[in-house]
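What the coordinates show
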Amino acid sequence: MAAGFARTARAIDPNRTMSQYVRQHWGAESGFPKGPVYSIDQTKDGYLWVGTEKGLFRFDGTSFQQMQAGNAEQRALNHVLGLLPDADGGLWIRLRHPTHTLLRYGEGVFRETAGEVGFSRGSVAAMARSRDGGLVFWLLAGEPRALLMHGTTFETAAAPKDFSRSAVLSIAQTSNGDIWVGTRDAGLFRLAGGRTFAVTEELPDPKVNALVAFGNNELWVGTDSGIARWNGTKLTRAGVPRSLDGVQALAMAVDRDSNLWVGTNSQGLLRVNGHGVASKIDGNGDLRDAVTAVFEDREGNLWTGSAAGLERLRDSPFVTYSQPEGLAVDGSNPVFVDSGSRIWVAPVSGGLFWMKDGNRSAVLSNELNRDVIYSLAGRNGEVWLGRQHGGLTQLRTGPASITARTYTGADGLSQNSVYSVYQSADGTVWAGTLSGGVSKLSGGRFTTFKMADGLVSNTITAMTETTDGTMWFATPAGLSSLSRGAWQSYTAKDGLPSEDVNCLLPDSTGVLWAGTAGGLAFRESRRFQVPAGAFPSLRESVLGIAEDRFGSLWIATATHVLRVNRERLLRGNTTDGDIREYGLADGLRGVEGVKRSQSVVTDPAGRVWFSLNRGISMVDPGRLKSNAAPAIPHVQSVMADGNPVPISGKIHISGGHQRITFGYAGLSLSVPDRVRFRYRLDGFDHGWSEPVSTREAVYTNLSPAAYRFRVIASNPDGVWSGTEASIGIEVDPLFWQTWWFRTCMLMGGVAGCVALYRFRLHQMARQLNVRFEERFAERTRIAQELHDTLLQGFLSASMQVHVAANRLPEDSQAKPALTRAMHLMKQVIDEGRNAVRGLRSSSTASLDLEHAFARIKEELIPDEHLREKIEFRVIVDGQPRPLHPLLRDEVYKIGREALINAFRHARAKSIEIELAYSPRRLRMVIRDDGSGIDPELLGAGREGHWGLSGMRERADRIGSRLHVSSSVGGGTEVELSVPSHVAFQDHRKSRLAWLVRLRQPQTPGQEPTNRTGVTK
């Protein structure tokens, strides 16, 4: 609850049994300053503004904020005499300070307006709302005149030249456009049609303190000695209660129900209703300060101000009867309202009382004053009482007397301790006892039923009858029913949340409701079940249930008083607005239900009566109007790590803050504690939060980004507003979270990766070079050994065999064998020389592959005539570059093997080899138009032949890629691609030269690369 204290104020009203208002006070103990309150009003944004002697205060329902102006002269804002909001949401402030008479507050800024509207400082004597919602001022500077404000324009409404110089205290404009001016000692004046009329008849006093226009050209006039009324044609005292004669009216307001509220000097707050009846709203009689300000807000709350502080009066939906109203109730009282609207109450200390039309009396017959009444029931002019010791008593009420008859065990009643009484539709009376079962009184005779007959327990706590004639009996051990002589029992296994059943209610649709110690249940399809999604308060011990004429259930639990939407509860889709909780702020003096049979009942007029721990309370559901005024949400503050952040303009929060807190409010001044909120932070949250009552939302460790905080609010009736409040913030990044820092880090990472990659390439190239050099040295050694040993040996042997063959005669039988041996040895020597030549080919002076490949045709086809039949070309693309020696040999051998296949096996007529030098790679392509290779042989190779597999193995050894494509009759293409860092000795310099060459302008027709051809 907001700071302050609440109490109940009473007003005697002949048109209602009793009017009660919930009154709450804020004084110095609540943060509100002492000193007179001069004016109260409310702006469009929902804030309540209070002008006092100590300054200007803004109230959001829970806390006060003293407003400070922007400059040193205006900072105090003391002696705020008048407040009026305009249509644009601004607030006009009239001050007593001689140099700052009129200010306007809007968009968080105070601005002096006297110069803007054409009048000087210290010249505004009074102001009020005009008939069209604008403002009307009375100016004293120069010639006195009335000034009307429409929107942002001002015009003079009247400038009477013969107007009295008496000080003006009040001003108003009626619906016909007449302007009324009340003075300190010259009475009342009416300005109409350019003329000034003095109104003196029926004026109680010449000092007019307050004027209030209402209705059709009507006006209330409050003076130092009473109140008068302008009825449209004349000033009169007709319709003004005589009890107001001599009252010093200091402030007045007319509410939405046309009641006139009068703040007086010595009699507190008075109310005059539409019937001309005055009521004194004096709380508990302890208000002694003059009421100097009266205002009704947009929700119908009445606010009053005095030197003691600020008070709010809210029309209570409940009327409570207890000892302050003269009713002797002390908790745990059964309650009953008969067909004549007579209220029957039995105190727990004993006795019986009734109350009707303000009259009350005790029933003393049959020693009722010496016994405790447990329960009350009845119909058709009868009241049946269940007594603690005296059995069952019947009361018959007549116009002037009450007769009583008592039934006890001597008459057939099973037990004299009757805890529950029920009278069924046919007049049968059922008496449920504490331990003797239930006795049925019909036709003057009792019939008793106990556990042996089918009851689940002999202790009866409540009874009821459903429309099918079934009687239901609630017990501490379950629920029993009697229908056409047959008994049936229900326990927890049949769906009851608890077997301890306190109360029963058959509603207007035939559904049976049971209130148990474990919560609420209802019977459907011959079973009991708990409502789906029921609120926690409906799982408490339910002590009483009743239904109003609108179909809502009223429930009293151990700690709550509730109104529930029955249909939604049955469907299991209740929302916040479908279950309304009532408490002390609604006028109840207690919220704890009592354990008595029928502790919540509905009377014939449709009112619902509750027996509660602190009195008997009544609510008329017809008077309960849903609060149509939605709560207005506001974002009030933003804090970063506990430090406030200015919320004007674009909000930047520096990076590194761990905790950002948004403070917000939902302006509903009736019961602020019941306002609920939902919020979300766009850019962080994926949806709205669950409804909460807290007024702060905390976010931690938000990443640098732009966010928007949004909040919506529900009013005390659970109706969510259609508008939302929002505020945008931007969390600035720390330097390591900025884009440029991240870009630098990214570029540094990329540079590091490139450096690491280049280092790895350099390392791999060095390793390949070492391997190339090792292999080159090994090949040279092998070539030398082959030449110096094996080939020399074979040559020597060949010469010896040749000598031996020459010495043999021509007809020698051994000579053919020696001749074949010489041929074989010559073939071996030739092949050995070829091997040595291949091993030592890298030692040749030339490193140009194109010239080496150009000689292959002559080596493979010695016959000149045959060479001319095959067209052979070597094409060089790009600037030739020196290769690693060993890699050159491997490339040469791969190309040689491909050319050998083309010349010897493909029967090609055209063979072409292309060498392409580029910054990224060395590319060699060999093409022919020969017979091609079978696809199966292309993948697996020919058995016993290792040409293709050898080419692939060599390519893998030097870190290159070999691709062979061919088709039968479609020729063959062999492509070898070697990366530049593997192939070239100067690959870094070559790439730089390539880039420079690309940037140089080219002449028309010039190719950017060096492409040459060698044809053989």
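Residues numbered from 1 in each chain as written. Predicted model: local features only at pLDDT ≥ 70, side-chain atom pairs only at ≥ 80, totals over all residues. Heavy atoms only, no water.

1. Side note on the overall build of the protein
Heads up, the rule is: Secondary structure follows DSSP: runs of H or I at least 4 residues long count as helices, runs of E at least 2 residues long count as strands, and numbering of each begins at the N terminus. For every residue, the accessible area (1.4 Å probe, protein chains only) is compared with the maximum for its type, and the residue is labelled buried under 20%, exposed over 50%, or partly exposed between those bounds. For this analysis, residues touch if any pair of their heavy atoms sits within 4.5 Å. We get accessible surface area from the Shrake-Rupley algorithm with a probe of 1.4 Å; when it comes to residues, only the shown protein chains can shield them.
In terms of regular secondary structure, the protein is built from twelve helices and 71 strands. The buried share of the protein, taken over its 1016 residues, is 49%. If you take every contact in the protein between residues at least 6 apart in sequence, the share linking residues at least 24 apart comes to 52%. Element-wise, carbon and sulfur atoms account for 50% of the exposed surface of the protein, whose accessible area totals about 47400 Å².

2. Thoughts on the sheet that holds strand S61 (residues 659–667)
The condition is simple: Paired strands, as defined in this entry, are two strands with at least two bridges between them according to DSSP. Every angle, taken between N-to-C directions, lies between 0 and 180 degrees, and every axis is a line fitted to C-alpha atoms, over only the stretch in contact when it is a helix.
Strands sit in the order S59-S58-S61-S63 across an open sheet of four strands; the sheet is antiparallel. In the strand order of this sheet, the two ends are held by strand S59 (643–645) and strand S63 (696–700), each with one partner. Recorded for the sheet is a direction-independent mean angle of 30° between the axes of neighbouring strands. Pairing geometry for strand S58 (residues 632–640) and S59, over three bridges, is antiparallel. For Val 638, the partnering residue across the bridge sits in S59 and is Val 645.

3. Things to note about a nonpolar patch on the surface
Put simply, the rule is: The patches described consist of residues with a relative accessible area above 30% and no salt bridge, like charges being joined within 9 Å and nonpolar side chains (Val, Leu, Ile, Met, Phe, Trp, Tyr) within 5 Å. Salt-bridge detection follows one rule: a side-chain nitrogen of Lys or Arg within 4 Å of a carboxyl oxygen of Asp or Glu.
A surface patch of nonpolar side chains, about 270 Å² in accessible area, is lined by Leu 746, Val 750 and Val 754. For Val 754, the location among the structural elements is in helix H3 (residues 739–807).

4. Description of the environment of Gly 533
Along the chain, Gly 533 turns up in the loop between strand S50 (527–529) and strand S51 (542–547). Sequence separation between Gly 533 and Asn 573 is 40 residues; the distance between their C-alpha atoms is 7.1 Å.

5. Observations regarding the packing of aromatic side chains
Formally: Two rings belonging to Phe, Tyr or Trp (six-membered ring only in the last case) form a pair when the distance between their centres is within 6.5 Å. Interplanar angles under 30 degrees mark stacking, angles over 60 mark edge-to-face geometry, and anything in between is tilted. A ring is considered to have a charge above it if a Lys NZ or an Arg CZ atom is located within 6 Å of its centre and within 35 degrees of its normal.
One pass over the structure, following the stated rule, counts 42 aromatic pairs. For the ring pair Phe 872 and Phe 903, a centre distance of 5.4 Å and an interplane angle of 65° mean the geometry is edge-to-face. One end of the pair, Phe 872, is in strand S66 (residues 871–877); the other, Phe 903, is in helix H8 (residues 885–904), and 31 residues separate them in sequence. Among the aromatic residues, ring-to-ring pairing joins Phe 662, Tyr 664, Phe 677, Tyr 679, Phe 684, Tyr 699 and Phe 709 into one connected group. Over the ring of Trp 354 we find Arg 342; its NZ or CZ atom is 4.4 Å from the centre of that ring.

6. Regarding the nonpolar core
Keep this limit in mind: Residues grouped as a nonpolar core are buried Ala, Val, Leu, Ile, Met, Phe, Trp, Tyr and Cys residues, joined through side-chain atoms within 4.5 Å.
Formed by 44 residues in total, the largest nonpolar core has its most connected members in Phe 853, Leu 899, Met 924 and Val 978. By residue number, the principal contributor to this core is H8, which donates nine residues. In contact with Met 924, other than residues within four places in its own chain, are Phe 853, Val 891, Ile 894, Gly 895, Ile 913, Glu 914, Leu 915, Val 974, Glu 975 and Leu 976.

7. Focus on unusual backbone geometry
We note that Asn 380 has phi near 55°; this positive angle belongs to a residue other than glycine. With respect to the helices, strands and loops of the structure, Asn 380 is situated in the loop between strand S35 (373–377) and strand S36 (382–387). You can call Asn 380 exposed: its relative accessible area is 70%. Located in the positive-phi region is Arg 484, a residue other than glycine, with phi close to 55°. Position of Arg 484 relative to the elements: it lies in the loop between strand S45 (478–483) and strand S46 (486–490).

8. So, the confidence of the model for the protein
For clarity, the cut-off: A residue's pLDDT is the predictor's confidence in that residue, given on a scale from 0 to 100.
Mean pLDDT over the protein works out to 83, with 88% of the residues at or above the 70 mark. Across residues 990–1016, confidence stays below pLDDT 50; counting only partners more than four residues off in sequence or on other chains, it has 36 contacts.

9. Side note on the pairing of strand S65 (residues 725–731)
Here S65 shows a buried face lined by Ala 725, Ile 727, Ile 729 and Val 731 and an unburied face lined by Ser 726, Gly 728 and Glu 730. As judged from the three bridges shared by strand S60 (residues 651–653) and S65, these two strands associate in the parallel manner. Its bridge partner lying in S65, Ile 653 is registered against Val 731. Inspection of the sheet shows strand S64 (residues 705–714) paired to S65 by seven bridges, in the antiparallel sense. In the strand pairing of S65, Arg 710 is matched with Ser 726.

10. What about the side chain of Ser 498?
Rule in force here: Polar contacts here mean pairs of N or O atoms no more than 3.5 Å apart (in protein, one a potential hydrogen donor and the other a potential acceptor; neighbouring residues in sequence count only if both atoms are side-chain atoms).
As for its position among the elements, Ser 498 is in the loop between S46 and strand S47 (501–506). Residue class for Ser 498 comes out buried when judged on its relative accessible area of 17%. Here Asp 500 takes part through its backbone nitrogen, which lies 3.2 Å from a polar atom of the side chain of Ser 498. Excluding anything up to four places from it in sequence, Ser 498 contacts Thr 516, Ala 517 and Gly 518.

11. Thoughts on the sheet that holds strand S54 (residues 579–582)
Strand order in the open sheet formed by four strands is S51-S52-S53-S54, and the pairing between neighbours is antiparallel. Since the sheet does not close on itself, it has two edges, and those belong to S51 and S54, each with one partner. Strand-to-strand, the axes of this sheet are offset by a mean angle of 20°, without reference to chain direction. Both strand S52 (residues 552–557) and strand S53 (residues 561–565) contribute to a ladder of five bridges, which runs antiparallel. Bridge assignment links Leu 553 to a residue of S53, and that residue is Val 564.

12. Thoughts on the pairing of strand S18 (residues 195–199)
Where strand S17 (residues 188–192) and S18 come together, five bridges link them in antiparallel fashion. Looking at S18, one finds that Leu 191 is bridged to Thr 196. Remark: two residues form the turn of the hairpin made by S17 and S18, two consecutive strands paired antiparallel; Gly 193 in that turn has positive phi of roughly 60°.

13. Some details on helix H10 (residues 947–957)
Under the convention used in this document: What the arc covers is the set of directions going from the helix axis to the C-beta atoms.
Of the residues making up H10, those classed as buried are Gly 947, Leu 948, Gly 950, Met 951 and Ala 955. Angular distribution of buried residues about the axis of H10 spans 165°; they occupy a single face of the element. Once H10 finishes, Gly 959 follows within two positions and takes phi at roughly 70°, a positive value.

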